[in-house]
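Fold and contact review
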Amino acid sequence: MKKFALLPLIASMTIMVGGNAVFADETTAEPTAPSKSSSAEDTSRARPKIGLALGGGGARGSAHAGVLKVLKDEGIPIDVIAGTSIGSVVGGLYATGMPVEEIASRFQDSELMKHFMTVPLSVRILVAPIMVMPRLFGHHPYDGLYYGGKFRDYANRLAGKHSAIDKLNIPFAAVVTNMVDGESCRITRGDLGTAMQASTAVPGLRKPVEIENKLYCDGGLICNVPVNHVREMGADFVIAVDIDEPLEDQPIKNFRKIGSVSKQALRIQLNAQDVEQCKDADVVIHPDTKGISLISRKKVDGMRGYEAGVKAAKEMMPELKRKLAERGVLCAK
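Everything numeric here is computed off the predicted structure, so don't read it as measured data. (Residues numbered from 1 in each chain as written. Predicted model: local features only at pLDDT ≥ 70, side-chain atom pairs only at ≥ 80, totals over all residues. Heavy atoms only, no water.)

Attention shifts here to the packing of aromatic side chains. Scanning all chains against the criterion turns up one aromatic pair. With centroids separated by 6.4 Å and ring planes inclined at 40 degrees, the aromatic side chains of Phe-151 and Tyr-154 adopt a geometry described as tilted. In this pair, Phe-151 and Tyr-154 both sit in helix H9 (residues 149–159), three residues apart, roughly one turn of the helix. Judged by relative accessible area, Phe-151 falls into the buried class, the value being 2%. (Phe/Tyr/Trp six-rings, centres within 6.5 Å; stacked < 30°, edge-to-face > 60°. Helix = DSSP H or I, 4+ residues; strand = E, 2+ residues; numbered from the N terminus. Buried < 20%, exposed > 50% of the residue type's maximum accessible area, 1.4 Å probe, protein only.)

The next subject is the pairing of strand S3 (residues 80–84). Most of S3 is tucked away: five of the five residues are buried. Side-chain alternation along S3 places Val-80, Ala-82 and Thr-84 on one buried face and Ile-81 and Gly-83 on a second face that is also buried. Here strand S2 (residues 50–54) pairs with S3 via four bridges, running parallel. Within the sheet, the bridge partner assigned to Leu-52 lies in S3 and is Ile-81. Where the polypeptide runs from S2 across helix H3 (residues 62–73) and back to S3, its parallel neighbour, the crossover connection is right-handed. Here S3 pairs with strand S4 (residues 172–178) via four bridges, running parallel. Each residue of the ladder has a partner; that of Ala-82, found in S4, is Ala-173. (Pairing = 2+ DSSP bridges. Right-handed = clockwise from strand over helix to strand, strands pointing away.)

Quantified by volume, the second largest cavity comes out at close to 50 Å³. In this structure, the second largest cavity is lined by Ala-59, Phe-107, Ser-110, Met-113, Ser-296, Arg-297, Lys-298, Asp-301 and Gly-302. (1 Å grid on protein atoms, 1.4 Å probe; cavity = no way out; pocket = protein on both sides within 12 Å on 5 of 7 lines; lining within 4 Å. Points joined across faces, edges and corners; volume = space filled by probe spheres on them.)

As a further point, take the pattern of salt bridges. Within the structure shown, the criterion is met by 18 salt bridges. Among the ionic pairs, Glu-111 bridges to Arg-106, the shortest N-O distance being 2.6 Å. The salt bridge partner of Asp-282 is Arg-231, with a shortest N-O separation of 2.9 Å. Taken together, the residues span a long stretch of sequence, with Asp-282 in the loop between helix H12 (260–278) and strand S9 (283–285) and Arg-231 in helix H11 (residues 227–232) at a distance of 51 residues. Classification of Arg-231 by relative accessible area gives partly exposed; the value is 24%. Taken together, the salt bridges that share partners define one network made up of Arg-60, Asp-244, Glu-245 and Arg-267. (Salt bridge = Lys/Arg side-chain N within 4 Å of Asp/Glu carboxyl O.)

A few words on the nonpolar core. Ranked by internal contacts, the top residues of the largest apolar core, which has 68 residues, are Leu-52, Ile-76, Ile-239 and Leu-320. The element that contributes the greatest number of residues to this core is helix H13 (residues 299–326), accounting for eight residues. Membership of the second largest hydrophobic core comes to 15 residues, among which are Ala-53, Val-80, Met-233 and Ala-235. (Core = buried A, V, L, I, M, F, W, Y, C linked by side-chain atoms within 4.5 Å.)

Below you can see the structure in the form of structure tokens.
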């Protein structure tokens with residue numbers, strides 16, 4: 001797995017958004033959920049397994065909900081899901097059986113992003129010096145402005161009785177980065193909220209999560225659109241959803257603004273990853289999320305992202321259905 005260098009702290013603070021013990025499976029593809037009947041098993045074997053790779057992108061995650069809405073309405077079956085950062089949140093909740101409309105509403109009323117950052121970033125930065133005080137008395141927590149525990153608990157409340165990853169309706173993995181060796185891993189069992197907390201632990205913004213003597217942070221550092229993980233989980237046909245802004249030329253004068261260089265560096269890094277990782281996907285859906293901040297808590301951005309996801313998925317539907325038909329998959333609609 002190719003490793004990418006971490007960006008400066010200021011870039012980390014603008015990057016995407018991503019208890020009980022959780023197992024991270026780094027190499028072995030996970031088996032699909034057992035079939036409920038012999039006829040269901042025969043049907044599954046009669047067509048290729050379809051996987052969904054949901055990329056990171058913070059508040060732009062509402063676009064994932066829009067894509068899922070169209071896939072569901074068009075009768076596209078989804079057999080396995082892997083998500084990075086906010087993709088792990090949307091994908092994990094969808095795998096629990098939560099209606100996609102409800103997932104979308106959590107973005108559109110800003111509830112999800114407000115739980116992700118319980119205090120506005122500007123306030124948290126202002127009180128950062130106070131948060132350092134315990135270190136003077138021997139307390140040394142992991143680096144980061146937010147712990148993420150409240151977000152973990154919020155995610156588990158949404159999941160309800162479906163908080164165990166290996167018992168979800170759809171086989172699911174939350175993609176994370178191992179802080180020690182820099183490898184990309186996937187969490188495939190254990191507590192769903194903790195897996196989401198780890199997958200969305202943006203360096204510098206959220207503290208990394210320790211699980212079974214390993215330390216994990218945001219999966220987007222290495223694998224922002226986890227096509228390879230979906231393949232390793234057994235998918236024969238992969239639909240990738242890239243919610244990052246398209247990389248566009250910027251006037252030189254723009255880089256005189258504070259933070260402009262690190263923001264563009266982040267865009268360049270993510271674009272390089274996304275392009276490379278999406279090469280192995282059968283279909284790539286790329287909603288237009290331009291102008292939606294990664295850490296936005298605005299309702300209008302939640303709605304705009306959702307609509308962008310719907311639009312992009314509908315535009316890609318003819319090609320998606322054509323490619324599925326070539327593989328012997330006829331959709332319900």
